[in-house]
Amino acid sequence: MSPLKPPVARRVAIVAGARVPFARSDGPYATASNQDMLTAVLDALVERHGLQGPGAVGEFVAGAVLKHSRDFNLARETVLGSNLDPRTPAYDIQQACGTGLQAVIAAANKITLGQTESAIAGGADTASDAPLGVNDDLRRILLEARRAKSAGARLKALARIRPTHLVPDIPRNAEPRTGLSMGEHAAVTARAWGVTREAQDELAATSHQRLAAAYERGFFQELVVPFRGLARDQNLRPDSTAGKLAALKPVFGLKDPDPTMTAGNSTPLTDGAALVLLASEEWAQARGLEVLAYLTAYETAAVDFVQGDVVQGEDGLLMAPAHAVPRMLERAGLGMDDFDLVEIHEAFASQVLATLAAWEKQGLAPVDRARLNVTGSSLATGHPFAATGARIVATLAKLLAERDGPGRGLISVCAAGGQGVTAILERP
């Protein structure tokens, strides 16, 4: 038997993207599940690009960070509830806030190796419909009662239930290893890097202003799918200014002598979903679909935010992209000046500014602010955890497609657990 020939790496084309407008938690999408939102976006892609036929798409990859037990097979159930061929295989993926981008990378790997010709990838999250867990003490009692060998033993176990056991476990926005929320971790990093309140408010205001301008010029017409009465991101404040944001009181790092992080320069809890259609060049050409850009490189990293150099800022919870991007650029033989556009997920304004400073400390050229998040980012759109990566990929791909000539864009996404996912998009 002759050995299998090694696969020839193929370019991965980004063909399209779509998302629902992002909504503040407990708002318009309060009763929408992850599956509801993902299905709405998936159906939009299917309808817009003629993907209804048998085998039209090779696979569907998606994830969510806040998942009910009923979401154990979220991606597959979304396919079965959509207009995509029910024979389309699907699987879930999860890497905290990097989920959407990691789903795109997983799909891209199969396309580049020739294992599939096309895929749809992304994610969804709802902070409104967060799962509530059974009180752990109650859970243990109920399991003991289930294992009991007699009615008497079962009743003895159940008799230990107390009113306090009926209080549910509510998901917390805190790292299990430290007990600190993401905002409190970001406040430590902001202090370590000397990030000022004024710089944070200016970046946040710019995000809102640029997102508003992008909507006004019709940039999102093909990217955003109206859903449950929303046509624009609900968190958007077109009239935001650094002066107005300066009036807000700090909400993180309150034990510091001069706290700088407010609700205005931090992302709110948000509901939403976003997906990207990826394919081989041959698949796109055969269907007459334009290639917006190509996904050409990606890198992940993690930091030791528990015992590492947190005080000095090198290993802050959200600083992994500061390590991933230099590695990726070295491998690709590129510098920061080689990028026409830079998209950094804005979990917090302070985290963006600390990341920029860390890149410069490692010898990368400063990022031209005119090229950074040119249509706004998470501070303005909101941040449904697993959806953000796909939102950024679709946005950057379209921005590159709008250019008159070749272009290259950088993506940087920080994630809970001290992780980061980064990528490069190019248009030749």
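Before any of the text, the structure's been laid out above.
To keep things clear, this report deals only with the structure shown in the data block. No experiment lies behind these values; they were computed from the predicted model shown. (Residues numbered from 1 in each chain as written. Predicted model: local features only at pLDDT ≥ 70, side-chain atom pairs only at ≥ 80, totals over all residues. Heavy atoms only, no water.)

1. A closer look at the overall build of the chain
Link 1 in the chain: Within the chain, the secondary structure is distributed over 13 helices and 12 strands.
Link 2 in the chain: The principal-axis extent of the C-alpha atoms belonging to the chain is close to 75 × 65 × 50 Å.
Link 3 in the chain: Sorting the 428 residues of the chain into buried and exposed places 55% on the buried side.
Link 4 in the chain: Partitioning the intrachain contacts of the chain with sequence separation of at least 6 by distance along the chain shows that 80% fall at a separation of at least 24.
Link 5 in the chain: Of the roughly 18500 Å² of accessible surface on the chain, a fraction of 53% belongs to carbon and sulfur atoms.
Link 6 in the chain: Taking the average location of the 43 positive side-chain charges in the chain and that of its 47 negative ones, the two points are 7 Å from each other. (Helix = DSSP H or I, 4+ residues; strand = E, 2+ residues; numbered from the N terminus. Buried < 20%, exposed > 50% of the residue type's maximum accessible area, 1.4 Å probe, protein only. Contact = heavy atoms within 4.5 Å. Areas by Shrake-Rupley, 256 points an atom, 1.4 Å probe, with all protein chains shown as cover. Lys, Arg positive; Asp, Glu negative; His and termini not counted. Charge placed at Lys NZ, Arg CZ, Asp CG, Glu CD.)

2. So, helix H13 (residues 388-402)
Link 1 in the chain: Here H13 is 15 residues long and its end C-alpha atoms lie 21 Å apart, about the 21 Å a rise of 1.5 Å per residue gives.
Link 2 in the chain: The element H13 is largely enclosed, with a buried count of 14 among its 15 residues. (Expected span 1.5 Å × (residues − 1).)

3. A look at the side chain of His383
Link 1 in the chain: Tracing the chain through its elements places His383 in the loop between helix H12 (378-381) and H13.
Link 2 in the chain: His383 gets classed as buried once you look at its relative accessible area, which sits at 4%.
Link 3 in the chain: Polar side-chain contacts of His383 include one of 3.4 Å to the side chain of His345.
Link 4 in the chain: Dropping the residues within four chain positions of it, His383 is found in contact with Cys97, Thr267, Pro268, Thr270, His345, Ser378 and Thr388. (Polar contact = N/O pair within 3.5 Å; in protein donor to acceptor, adjacent residues only side chain to side chain.)

4. Description of the pattern of salt bridges
Link 1 in the chain: Per the stated rule, a full pass over the model turns up 23 salt bridges.
Link 2 in the chain: Between Asp201 and Arg197 there is a salt bridge whose closest N-O contact spans 2.8 Å. Highlighted residues: Asp201 and Arg197, both in helix H7 (residues 197-216), separated by 4 residues, approximately one helical turn.
Link 3 in the chain: Take Asp201: its relative accessible area is 2%, and that puts it in the buried class.
Link 4 in the chain: Residue Arg371 is joined to Asp368 by a salt bridge in which the shortest nitrogen-to-oxygen separation is 3.9 Å.
Link 5 in the chain: The class of Arg371 is partly exposed, set by a relative accessible area of 33%.
Link 6 in the chain: Accessibility expressed as a relative area gives 41% for Asp368, which makes it partly exposed.
Link 7 in the chain: What you see here is one network of salt bridges that share partners, running through Asp136, Arg139 and Arg140. (Salt bridge = Lys/Arg side-chain N within 4 Å of Asp/Glu carboxyl O.)

5. Side note on a nonpolar patch on the surface
Link 1 in the chain: Together, Val134, Leu142, Leu155 and Leu158 give the surface a local cluster of nonpolar side chains, amounting to about 350 Å² of exposed area.
Link 2 in the chain: As for its placement among the helices and strands, Leu155 is situated in helix H5 (residues 151-158).
Link 3 in the chain: Accessibility expressed as a relative area gives 59% for Leu155, which makes it exposed. (Patch = residues over 30% accessible without salt bridge, like charges linked within 9 Å, V, L, I, M, F, W, Y side chains within 5 Å.)

6. Structural notes on the nonpolar core
Link 1 in the chain: The biggest cluster of nonpolar side chains holds 47 residues, and the ones touching the most others in it are Ile14, Leu101, Phe220, Val276, Leu278, Ile411 and Leu425.
Link 2 in the chain: Counting residues per element, this core draws most heavily on H13, at 9 residues.
Link 3 in the chain: Tyr29, Leu84, Ala279 and Val291 belong to the second largest nonpolar core, which has 40 residues in total. (Core = buried A, V, L, I, M, F, W, Y, C linked by side-chain atoms within 4.5 Å.)

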